[in-house]
Amino acid sequence: MPIYEFQCKDCGEVFEELVLGSNCQGVKCKRCKSSQISKLMSQVAFKSGGKFVSASGSACSSCSSGSCSSCK
Ligand SMILES: [Zn+2]
């Protein structure tokens, strides 16, 4: 499941939110409920077996899958 990282422009809070598709319109800051948030595109993470595997920069080069944890 794709979990995106967001940063609140008001209080600076960084939080993760599960986003279905590309719809992140309803995402609000978990601390101050502000809708002034920015999506941290490079911090897409996938939950894999209970641990987070970062897909940024170090994405698997063998299968091009960000969630791959077996051939890293
Ligand atoms: Zn906030």
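Residues numbered from 1 in each chain as written. Predicted model: local features only at pLDDT ≥ 70, side-chain atom pairs only at ≥ 80, totals over all residues. Heavy atoms only, no water.

### Concerning the pairing of strand 2 (residues 14-18)
To keep it simple, the criterion reads: In this scheme, strands are said to pair when DSSP sees at least two bridges between them. What counts as a helix is a DSSP run of H or I of at least four residues, what counts as a strand is a run of E of at least two, and both are numbered from the N terminus.
With five bridges connecting them, strand 1 (residues 2-8) and strand 2 associate as antiparallel partners. The residue of strand 2 that forms the bridge with I3 is L18.

### Remarks on the packing of aromatic side chains
Selection rule: Note on ring pairs: Phe, Tyr and Trp rings are taken, using the six-membered ring of Trp, and paired if centres are within 6.5 Å. Classes follow the plane angle, with under 30 degrees stacked, over 60 edge-to-face and the rest tilted. Using a 1.4 Å probe on the protein chains alone, a residue whose accessible area is under 20% of its type maximum counts as buried, one over 50% counts as exposed, and one in between counts as partly exposed. The criterion for a charge sitting over a ring is simple: Lys NZ or Arg CZ within 6 Å of the ring centre, and within 35 degrees of the ring normal.
Within the structure shown, the criterion is met by one aromatic pair. When the ring of F6 is compared with that of F15, the centres are 5.9 Å apart and the planes differ by 25°; the resulting orientation is stacked. Look at F6 and you get buried, because its relative accessible area is 1%. Look at F15 and you get buried, because its relative accessible area is 5%. The ring of Y4 has K39 lying over it, and the distance from NZ or CZ to the ring centre is 4.1 Å.

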